[in-house]
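Secondary and tertiary structure notes
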Number of protein chains: 4
Amino acid sequence: MTTDRPLRADAARNRALLLAAAEEAFAEHGMDASVADIAARAGIGKGTVFRHFPTKDDLLAAVMRDRIDALTAAGERLVEAGDPGAALLEFLTLAAESQQRNDMSVLQEAHVVNERLAVARTRMFVLIERLVDRARRAGAIRADVTGADVVLLMCAPGHVAAFAPRPGPDLWRRYLAIIFDGLRPAGATPLPVDPPRMG
Amino acid sequence: MTTDRPLRADAARNRALLLAAAEEAFAEHGMDASVADIAARAGIGKGTVFRHFPTKDDLLAAVMRDRIDALTAAGERLVEAGDPGAALLEFLTLAAESQQRNDMSVLQEAHVVNERLAVARTRMFVLIERLVDRARRAGAIRADVTGADVVLLMCAPGHVAAFAPRPGPDLWRRYLAIIFDGLRPAGATPLPVDPPRMG
Amino acid sequence: MTTDRPLRADAARNRALLLAAAEEAFAEHGMDASVADIAARAGIGKGTVFRHFPTKDDLLAAVMRDRIDALTAAGERLVEAGDPGAALLEFLTLAAESQQRNDMSVLQEAHVVNERLAVARTRMFVLIERLVDRARRAGAIRADVTGADVVLLMCAPGHVAAFAPRPGPDLWRRYLAIIFDGLRPAGATPLPVDPPRMG
Amino acid sequence: MTTDRPLRADAARNRALLLAAAEEAFAEHGMDASVADIAARAGIGKGTVFRHFPTKDDLLAAVMRDRIDALTAAGERLVEAGDPGAALLEFLTLAAESQQRNDMSVLQEAHVVNERLAVARTRMFVLIERLVDRARRAGAIRADVTGADVVLLMCAPGHVAAFAPRPGPDLWRRYLAIIFDGLRPAGATPLPVDPPRMG
DNA sequence: TATGAATGAGCATTCATTCAT
DNA sequence: TATGAATGAATGCTCATTCAT
């Protein structure tokens, strides 16, 4: 099933079309996007969807994994950049932009998380930890904030903006700014609860 | 139809059981909670659900309205309280506690919002505006933050905490603290986008 | 249940209201008229409907019986009238007028026919037999037509007219005229099949 | 959607089974026939019904269309036949035979009539008009009878016969004969109401 | 291998009928 | 006695998944 043998050229093309279509459909309708709709958008048969991914959940997981991997890759470049605080902010900006296109919060529906997705997610968590540690050491963010905090807060700007009745396409930037201000050392008040452990 | 004639004793009891069951089920599964499940949780027949609420949407709207009304009522008391900043923070605390029990974000699915719910929501928005104005005038929060911002941010602590794999029951307090720090004047950076207009 | 003890005054009034409402509702929606609708039209509770008639079928049967009885009563007067042919035609006219208000064909749905209805129907059949015999003997209708034929044909004008897209309120008279011409001796061709036996 | 691409062999077989089952079920229970029952009679799954016809109404419309088309095709042959009066009578005979198997009167429930059905129906109406005109010009039927009259009367023999408690399979022939006698010029009395306009 | 036809569990909703008030 | 609240079987329809072509 999930052997990593290289796909035939047309199969690879179909897989790409399928993932793109699925990303679009999941972005629009969340988990309620129908397999039939996704197949139609991809211009392939419904059966072919299931040839590539044994369940709809697996398809969603693959979409998520791709997005997480892309974000992680972008983050890897930032982790070496000059200003640690700016690097973290830039990473969160990229994350929000990515989420603008496709909400990752479906991930909470536990059944979605298969092993390969978990691996990608962990890799991203580790990267975020590094970005946060660097920023903290540089004094760009408050001392009592952890990588796990940032992981959880990452989706908030997108979600908050999405609540607006007719959100402008950049509204999330407003809330990212507010939340990032909350992460800065200036004027920080003590946090009342211990940070969570991820994983 | 919607006359507010007092219900028979048993009907009132069923209505309460139903709303409690619905609150629980919607909290767990969002709009995907099934009417059959809700009826079973309430220990009543499926048909009885529809006697009380003509559609599932109406049931959800009623659940939401109850919660919004309770929150608004609590807020009305705070709006006259001593410290404007503390009052706003207390309101947001109550909101997050309430959301802990039942996520309001389903409200985004537009079809849910019937007229009575819209009225309740507007009343709450007006209250929040007053709380925010007072806090702003008192210098407890930054000048560039509006009531609409707070409305949108209100659910964020709950959502952020819910992303954690095994969130402690008070984890949201941590993120409310961070976000509220982001609303304080100290160390505020300029906001890049105009605030949204609600309604 | 169906004891013939005289009803209390208000119960009798309710029964009359109920029958009128039911006649109206059945005329509009046939057997699909809902008990709730009928009760509402009558201004009484749904439970009261079932106190008067144990099932919806029984209610329909009662409506039918009333109409059949009224028609039979009118026919009794005609059976002694001067011109036998005119009397039969007049009876069929009354029948069609009555059907204009409420289609009797639901009667075909066998479950509807309870005993009391059957009695009323038989009484009407006997009357029709007499009207037909008289008309036949007077040469007003052809010799090979029986009372049973007329019983079956009785509803046809109303049905035929009802098929028209926007039937005028008197269209059935056109088809009654045609069918009655078919019953006249003039130009009659032999009938290919034996007449049915009623009951 | 409605492309007329040839169906796969098994799909075509299922479609035929489905239409036959639907014809039977609609004949027995009218529009109240349940989709589940139809599917069971056809020996296919409920979902398959909806794959072939998006709604129950569409299924009924298809059944009707098939019958109307078959009848129209048969009529086309008659319209060129020798004796115009015999041709019309033969057509009405075919129509009644066809109705014996499946009552067309459900067509009155307006929602059933989709566009393709309307086209088929209009085609049949035009054909009937031609048959009637020819018969009228030949003096086989009275001068004051129109195509629309015949359209409306077409179902009457079947309906009338169906009212009989245990109708013989040929009873309708008796009433077709009577009604057709009513259409003949011999002994015709003037018609009291204008003919309807179809469509 | 790709397709889309078939499947059936699941869903929201209706309604005749029963029963507590 | 009259009411209308409660019930649950039944209905039309959807959709992830399986399987014959």
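On a predicted model such as this, the values are computed, not experimentally measured, just so you know. (Residues numbered from 1 in each chain as written. Chains lettered and ligands numbered in written order. Predicted model: local features only at pLDDT ≥ 70, side-chain atom pairs only at ≥ 80, totals over all residues. Heavy atoms only, no water.)

**Quick look at the overall build of chain A**
The helix and strand inventory of chain A stands at nine helices and zero strands. Starting at the N terminus, the α and β elements of chain A follow one another as α-α-α-α-α-α-α-α-α. Structurally, chain A occupies a C-alpha span of about 55 × 40 × 30 Å along its principal axes. Considering only intrachain contacts with a sequence separation of at least 6, the fraction spanning at least 24 residues in chain A is 70%. Accessible area of chain A: about 9300 Å², with a carbon and sulfur share of 53%. For chain A, the separation between the mean place of its 25 positive charges and that of its 26 negative charges on side chains is 3 Å. (Helix = DSSP H or I, 4+ residues; strand = E, 2+ residues; numbered from the N terminus. Contact = heavy atoms within 4.5 Å. Areas by Shrake-Rupley, 256 points an atom, 1.4 Å probe, with all protein chains shown as cover. Lys, Arg positive; Asp, Glu negative; His and termini not counted. Charge placed at Lys NZ, Arg CZ, Asp CG, Glu CD.)

**Structural notes on the environment of D:Phe26**
Mapped onto the elements, D:Phe26 comes out in helix H1 (residues 9–29). What D:Phe26 contacts, discounting residues up to four positions off in sequence, is D:Met31, D:Ala33, D:Ile38, D:Lys56, D:Leu59, D:Leu60, D:Val63 and D:Asn102.

**Some remarks on the protein's contact with DNA strand F**
If you check the shell around DNA strand F, you find 32 residues, and the closest are B:Asn14, B:Gly45, B:Arg51, C:Thr48 and D:Lys56. Between DNA strand F and the protein, one listed contact pairs a base oxygen with a side-chain N or O atom of A:Lys46 at 3.3 Å. C:Arg51 is positioned with one of its side-chain polar atoms (N or O) 3.4 Å from a phosphate oxygen of DNA strand F. Contributions of two or more residues to the surface near DNA strand F are made by helix H3 (46–52) of chain A, helix H1 (9–29) and helix H3 (46–52) of chain B, helix H3 (46–52) of chain C together with helix H3 (46–52) of chain D. For the surface near DNA strand F, the leading source of residues is H3(B), giving five residues. Of the residues in the surface near DNA strand F, the class split is nine nonpolar, twelve polar and eleven charged. (Near = heavy atom within 4 Å. Polar contact = N/O pair within 3.5 Å; in protein donor to acceptor, adjacent residues only side chain to side chain. Nonpolar A, V, L, I, M, F, W, Y, C, P; charged D, E, K, R; others polar.)

**Observations regarding helix H6 (residues 115–137) of chain A**
Residue and element names in this part refer to chain A. Taking 1.5 Å as the rise per residue, H6 with 23 residues should run 33 Å; its terminal C-alpha atoms sit 33 Å apart, in good agreement. All buried positions along H6 are accounted for by Leu117, Ala120, Met124, Phe125, Leu127, Ile128, Leu131, Val132, Arg134 and Ala135. Those residues of H6 that are buried are in contact with helix H4 (56–78), helix H5 (84–101) and helix H7 (147–153). By the N-cap criterion, in which a side-chain oxygen at the helix start approaches the backbone nitrogen of a residue two or three places on, H6 is capped by Asn114, the distance to Arg116 being 3.3 Å. A positive backbone phi angle near 75° is found at Gly139, which sits one or two residues after H6. (Expected span 1.5 Å × (residues − 1). Buried < 20%, exposed > 50% of the residue type's maximum accessible area, 1.4 Å probe, protein only.)

**A word on the pattern of salt bridges**
Applying the stated criterion across every chain yields a total of 60 salt bridges over all chains. A salt bridge links A:Asp144 to A:Arg142; the shortest N-O distance between them is 2.9 Å. Taking the relative accessible area as the measure of exposure, A:Arg142 reaches 2% and is therefore buried. Put simply, B:Arg67 and B:Glu23 hold a salt bridge, and the shortest N to O gap is 3.8 Å. Taken as a pair, B:Arg67 in helix H4 (residues 56–78) and B:Glu23 in helix H1 lie far apart in primary sequence, 44 residues in all. Residue class for B:Arg67 comes out buried when judged on its relative accessible area of 6%. (Salt bridge = Lys/Arg side-chain N within 4 Å of Asp/Glu carboxyl O.)

**Thoughts on the protein's contact with DNA strand E**
Around DNA strand E lies a shell of 33 residues, among which A:Thr48, B:Lys56, D:Asn14, D:Gly45 and D:Arg51 are the nearest. Here, DNA strand E places atoms within 4 Å of the protein, and 65% of those atoms are sugar or phosphate. Between DNA strand E and the protein, one listed contact pairs a phosphate oxygen with a side-chain N or O atom of A:Arg51 at 3.5 Å. Within the contact set of DNA strand E, a base oxygen lies 3.3 Å away from a side-chain nitrogen or oxygen of B:Lys46.

**Overview of the relation of the copies chain A and chain B**
With an axial shift of 0.1 Å and an RMSD of 0.6 Å, the rotation relating chain A to chain B amounts to 178°. Overall, the copies show the geometry of a two-fold rotation axis. Residues of chain A ranked by C-alpha distance from the rotation axis are headed by A:Gly182, positioned 1.9 Å from it. Here 100% of the interface residues in chain A have copies in chain B that are interface residues too; the copies meet face to matching face. (Least-squares fit on C-alpha atoms with pLDDT ≥ 70 in both.)

**Comments concerning the interface of chain A and chain B**
Contacts between the two partners involve 44 residues from chain A, matched on the other side by 44 residues from chain B. In total, about 3500 Å² of surface goes out of reach between chain A and chain B, with carbon and sulfur atoms giving 66% of it. Between chain A and chain B we count four salt bridges in total. At the junction of chain A with chain B, the criterion picks out twelve residue pairs in polar contact (both at pLDDT 80 or more). Listing elements by their share of the side of chain A that touches chain B, those giving two or more residues are H7, helix H8 (156–162) and helix H9 (171–183) of chain A. Top element by residues in the side of chain A that touches chain B is H9(A). It accounts for ten residues. Counted by class, the side of chain A that touches chain B contains 24 nonpolar, eight polar and twelve charged residues. (Buried area = accessible area lost by both parts, 1.4 Å probe.)

**Concerning the domain arrangement of chain A**
Residues and elements named next belong to chain A. One can read the domain layout of chain A as domain 1 (1–53) and domain 2 (55–183). Just the C-alpha atoms count here: the centres of domain 1 and domain 2 sit 25 Å apart. At the junction of the two partners, domain 1 supplies 16 residues and domain 2 supplies 15 residues. For the domain 1 and domain 2 pair, buried surface summed over both sides reaches about 1400 Å², with 69% attributable to carbon and sulfur atoms. The three residues of domain 1 that bury the most area against domain 2 are Glu23, Met31 and Phe53, which together make up 46% of that side's buried surface. Linking domain 1 with domain 2 are one salt bridge, by the criterion used here. Linking domain 1 with domain 2 are three residue pairs in polar contact (both at pLDDT 80 or more), by the criterion used here. Where the side of domain 1 that touches domain 2 is concerned, the elements lending two or more residues are helix H1 (9–29), helix H2 (35–42) and H3. Broken down by element, the side of domain 1 that touches domain 2 gets its largest block of residues, six residues, from H1. Tallied by class, residues from the side of domain 1 that touches domain 2 come to twelve nonpolar, one polar and three charged. (Domains from an automatic or database assignment.)

**Section: the state of the cysteines**
As used in these notes, a disulfide is a covalent bond between sulfur atoms, one from each of two cysteines. For the coordinates displayed, the defined rule picks out zero disulfides over all chains. Of all cysteine sulfurs in the structure, the one in B:Cys155 sits closest to A:Cys155, which takes part in no disulfide; the separation is 16 Å. According to the relative accessible area criterion, A:Cys155 is buried, its value standing at 5%. (Disulfide = S-S within 2.5 Å.)

**Details of the arrangement of the chains**
Of all C-alpha pairs spanning chain A and chain C, none lies closer than 35 Å, and the two are not in contact. With no contact between them, chain B and chain D keep their nearest C-alpha atoms 21 Å apart.

**Structural notes on helix H1 (residues 9–29) of chain C**
All names here are of chain C. Here H1 contains 21 residues, and its C-alpha end-to-end distance of 30 Å stays within 8% of the 30 Å for a straight helix at 1.5 Å per residue. Every buried residue belonging to H1 is among Ala11, Asn14, Leu18, Leu19, Ala21, Ala22, Ala25 and Phe26, and all of these are buried. Where H1 is buried, its residues meet helix H2 (35–42), H3 and helix H4 (56–78). In the stretch just after H1, Gly30 is the one whose phi turns positive, near 60°.

**Re the packing of helix H5 (residues 84–101) of chain B against helix H6 (residues 115–137) of chain B**
All names here are of chain B. Packing of H5 against H6 leaves a shortest axis separation of 8 Å and a crossing angle of 145°. Crossing of H5 over H6 shows left-handed handedness. Taken together, the residues of H6 that come into contact with H5 (itself represented by Pro84, Gly85, Ala87, Leu88 and Phe91) are Met124, Leu127, Ile128, Leu131, Val132, Arg134 and Ala135. Here the contact of H5 with H6 is built from residues that sort into ten nonpolar, one polar and one charged. (Axes fitted to C-alpha atoms, helices over the stretch in contact; angles between N-to-C directions. Left-handed = near helix turned anticlockwise from the far one by under 90°.)

**Some remarks on the environment of A:Gly85**
Tracing the chain through its elements places A:Gly85 in helix H5. Along the primary structure A:Gly85 and A:Leu127 are separated by 42 residues, whereas in three dimensions their C-alpha atoms are 15 Å apart.

**Topic: the confidence of the model for chain A**
Averaged over all residues, the pLDDT of chain A equals 90, while 91% of them reach at least 70. The element-level mean pLDDT for chain A is lowest in H1(A), coming to 88, with H9(A) highest at 98. (pLDDT = per-residue confidence, 0-100.)

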